[in-house]
Amino acid sequence: MRVTVTLVVGADGSTTKNGNSAGVSNTVDRTAFLARRRNADCIIIGGNTARTEPYHRTPVPVIVISKSLINPLADNRLAHCWNLSPTDAIERAAKTFGPNIHIEAGAAIIRELMDADCVDELELSITDVVGGEDLIDVKELLSHFSEVDEKVEAGTRFISARRKLSR
């Protein structure tokens, strides 16, 4: 099983601006994000992400983990709504859809999975946007990984981080 968090943040660590990630993203980030997601067996997001981001069409199954079982993506035939913890959702997703799981959730779910040592890879884009909301500590995120590679493309930093696989 391989669990990858894919995330875009602004230069100040903001994960959203004006209520969604499009406010901190840019064209080069979006292109890289869409290319990475095509390799996933499934995507896991939280309920808030499902309500504020464009997940009405996805190339692979998308799992919304939420206490509410009202599926905010009812128009996406690949959407599933599960009332599970993030760690339990990963286990069920691997059994149901396959081992390559992408996490495209918000900061709270990402932190929970990092703290539970459930994340193998981090694909992080850092744009020059500042003044957004829902800040995340990039240094703290990267502290969970033993291998970190970085490149810059069109002013956007792309960081790929991996931990040594122990599970």
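For the structure given in this document, a descriptive report is provided here. Note that the structure is predicted; figures quoted are calculated from it, not measured.

1. Here we look at the side chain of Ser14
Part 1 of the argument: Mapped onto the elements of the fold, Ser14 is located in strand S2 (residues 14–16).
Part 2 of the argument: Among the residues examined, Ser14 registers a relative accessible area of 0% and is labelled buried.
Part 3 of the argument: Looking at Ser14, its side chain comes within polar contact range of the side chain of Asp12, at 2.7 Å.
Part 4 of the argument: With near-sequence residues (within four places) excluded, Ser14 lies in contact with Val8, Val9, Val24, Gly132, Glu133, Asp134 and Leu135.

2. With respect to the packing of aromatic side chains
Part 1 of the argument: According to the stated counting rule, one finds one aromatic pair in the structure shown.
Part 2 of the argument: Aromatic pair Trp82 and Phe97: ring centres 6.2 Å apart, planes at 15 degrees, arrangement stacked. Separated by 15 residues along the polypeptide, Trp82 in strand S5 (residues 79–82) and Phe97 in helix H3 (residues 86–97) bring together distant segments of the chain.
Part 3 of the argument: Note on Trp82: relative accessible area 6%, which makes it buried.
Part 4 of the argument: When its relative accessible area of 23% is taken as the criterion, Phe97 is described as partly exposed.
Part 5 of the argument: The aromatic ring of Trp82 is capped on one face by Arg92, whose charged end is 4.0 Å from the ring centroid.

3. Some points on the pattern of salt bridges
Part 1 of the argument: With the rule as written, the count across this model stands at seven salt bridges.
Part 2 of the argument: In this structure, the salt-bridge partner of Arg163 is Asp117, at a minimum N-O distance of 3.8 Å. Of this pair, Arg163 sits in the segment after strand S10 (156–162) while Asp117 sits in the loop between helix H4 (107–115) and strand S7 (121–126), and the two are 46 residues apart along the sequence.
Part 3 of the argument: In this structure Arg163 comes out as buried when scored by relative accessible area, which is 8%.
Part 4 of the argument: A salt bridge links Glu150 to Arg157; the shortest N-O distance between them is 2.6 Å.
Part 5 of the argument: The class of Arg157 is partly exposed, set by a relative accessible area of 34%.
Part 6 of the argument: Members of the salt-bridge network, linked through shared partners, are Arg2, Glu121, Glu123 and Arg162.

Calculation notes
- Within each chain, residue numbers correspond to sequence positions counted from 1 in written order.
- Local features in this predicted model are restricted to residues of pLDDT 70 or higher, and side-chain atom pairs are both shown and tallied only at a pLDDT of 80 or more, whereas totals for entire chains, interfaces and linings draw on every residue.
- As a convention, hydrogens and water are excluded, and side-chain values are obtained from all of the structure's heavy atoms.
- Helix and strand assignments follow DSSP, with helices taken as H or I runs no shorter than four residues and strands as E runs no shorter than two, numbered in order from the N terminus.
- Relative accessibility thresholds used throughout: buried, under 20% of the residue-type maximum; exposed, over 50%; partly exposed, between the two (1.4 Å probe, protein chains only).
- Here a polar contact is taken to be a pair of N or O atoms separated by no more than 3.5 Å, where protein atoms must pair a possible hydrogen donor with a possible acceptor and residues adjacent in sequence count only if both atoms sit in side chains.
- Two residues qualify as a contact provided that any one of their heavy atoms is within 4.5 Å of a heavy atom in the partner residue.
- Working definition: a ring pair exists when centres of Phe, Tyr or Trp rings (six-membered ring for Trp) sit within 6.5 Å. Plane angles under 30 degrees give stacked, over 60 give edge-to-face, the rest tilted.
- Distance and angle both matter: a charge sits over a ring if NZ of Lys or CZ of Arg is within 6 Å of the ring centre and within 35 degrees of the ring normal.
- Within this document, salt bridges are pairs made up of a side-chain nitrogen of Lys or Arg and a carboxyl oxygen of Asp or Glu, the two lying within 4 Å of each other.

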